[in-house]
Amino acid sequence: HRDLHSFPTRRSSDLTIITNSLNQDNKKIVLSKDKINVTFDLHGYRQFNKDSGRGEIADIFIMDSTNRIIIAIEAKWEENWDFGKDVKENHKRLEFVKSKYEDEGFLIIQTLLITKEKFDAVKKIGESGRKDSNYDKLQKFNIELIKENKNPVLIITWQNLLKDIDNKRVQEFIESYLPDKRS
């Protein structure tokens, strides 16, 4: 995610590509064009609570105060994702964020943004019956969240995100990092 700092867009209008990719069960997530805050590499101890640890809440943290939506994205380009570090620990920190905004009725969406190849590889391991795989842990975690009436962790692939981008410069930037696009 170190390359996200050079991501060639910071306009709130470009956030439509993220919300289109998050469209779940025909429930469109719409962000305001007025009051959007986007932060990169958000660490809890800096923003919310010194006791929340030095760990990261999100690589990309999008907060729409108008529509009361927070989207926390853990973005992975090449490296593998780890359920404990990238999902469970971030979720704990997001629960603290949620407690700060609970009275205001914020919807908090935790998202893992990875390549299709990385997701398919982890899914294949999980479906092979390996009980300690990241895929298996994520599936069980999401089932528990749903039972508790909480939002599951969403998976977006860079390739799906790319389909919603109409800015040629952004497309080229992302494509240059995708494994199947490199020479």
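Residues numbered from 1 in each chain as written. Predicted model: local features only at pLDDT ≥ 70, side-chain atom pairs only at ≥ 80, totals over all residues. Heavy atoms only, no water.

Undergrad: What am I meant to see in the overall build of the protein here?
TA: Tallying secondary structure elements over the protein gives seven helices and five strands in all. The buried share among the 183 residues of the protein stands at 48%. Considering only residue pairs separated by 6 or more positions, the protein has 63% of its internal contacts joining residues 24 or more positions apart. Total accessible area on the protein is roughly 10400 Å²; 46% of this is exposed by carbon and sulfur atoms. (Helix = DSSP H or I, 4+ residues; strand = E, 2+ residues; numbered from the N terminus. Buried < 20%, exposed > 50% of the residue type's maximum accessible area, 1.4 Å probe, protein only. Contact = heavy atoms within 4.5 Å. Areas by Shrake-Rupley, 256 points an atom, 1.4 Å probe, with all protein chains shown as cover.)

Undergrad: Before we go on, may I ask you to explain the sheet that holds strand β2 (residues 56-64) in this structure?
TA: Pairing between the strands of a sheet comes from backbone hydrogen bonds, and it takes one of two forms, parallel or antiparallel. The strand order β1-β2-β3-β4-β5 describes an open sheet built from five strands, whose pairing is mixed. The sheet is open, and its two borders are formed by β1 (36-43) and β5 (154-157), each paired with just one other strand. Ignoring strand direction, the axes of neighbouring strands in this sheet form an average angle of 25°. Inspection of the sheet shows strand β3 (residues 69-75) paired to strand β4 (residues 107-114) by seven bridges, in the parallel sense. Looking across to β4, one finds that Ile 69 is bridged to Leu 107. (Pairing = 2+ DSSP bridges. Axes fitted to C-alpha atoms, helices over the stretch in contact; angles between N-to-C directions.)

Undergrad: What is the right way to read the side chain of Lys 76 from this model?
TA: Within the fold, Lys 76 resides in the loop between β3 and α3 (83-101). Reaching out from Lys 76, the side chain makes a polar contact with the side chain of Glu 74 at a distance of 3.4 Å. A polar contact is formed between the side chain of Lys 76 and the side chain of Asp 86, at a distance of 3.3 Å. Not counting chain neighbours up to four residues away, the residues in contact with Lys 76 comprise Trp 81, Lys 85, Asp 86, Leu 113, Ile 114, Thr 115 and Trp 158. (Polar contact = N/O pair within 3.5 Å; in protein donor to acceptor, adjacent residues only side chain to side chain.)

Undergrad: Can you help me understand the confidence of the model for the protein in this one?
TA: Detailed reading of the predicted model is not advised wherever pLDDT is low. Here the protein averages 75 in pLDDT, while 75% of its residues score no lower than 70. Contacts of residues 1-23 to residues separated by more than four positions or lying in other chains number 60 contacts, the stretch itself having pLDDT below 50. (pLDDT = per-residue confidence, 0-100.)

Undergrad: Is there a simple way to think about the pattern of salt bridges in this case?
TA: It is possible for side chains of opposite charge to pair when their charged atoms get near one another. Taken as a whole and judged by the stated rule, the model has 11 salt bridges. Lys 76 is the salt-bridge partner of Asp 86, the closest N and O atoms lying 3.3 Å from each other. Highlighted residues: Asp 86 in helix α3 and Lys 76 in the loop between β3 and α3, separated in sequence by 10 residues. Given the relative accessible area of 3%, Asp 86 is considered buried. Overall, the relative accessible area of 5% leaves Lys 76 in the buried class. A salt bridge links Lys 85 to Asp 86; its shortest N-O distance comes to 3.0 Å. Several salt bridges converge on common partners, so that one network encompasses Glu 74, Lys 76, Glu 79, Lys 85 and Asp 86. (Salt bridge = Lys/Arg side-chain N within 4 Å of Asp/Glu carboxyl O.)

Undergrad: For this particular structure, what's the right way to read the packing of α3 against helix α5 (residues 134-147)?
TA: The angle between the axes and the distance between the axes are what describe a pair of packed helices. Look at α3 against α5: their axes get within 10 Å of each other, and the N-to-C directions meet at 15°. By the angle between their axes, α3 is roughly parallel relative to α5. For α3 against α5, the interelement crossing comes out left-handed. Packed against α3, whose contacting residues are Phe 83, Val 87 and His 91, the element α5 presents Asn 134, Lys 137, Leu 138, Phe 141 and Leu 145 at the interface. Of the residues in the contact of α3 with α5, the class split is five nonpolar, two polar and one charged. (Parallel < 35°, antiparallel > 145°, perpendicular 65-115°, else oblique. Left-handed = near helix turned anticlockwise from the far one by under 90°. Nonpolar A, V, L, I, M, F, W, Y, C, P; charged D, E, K, R; others polar.)

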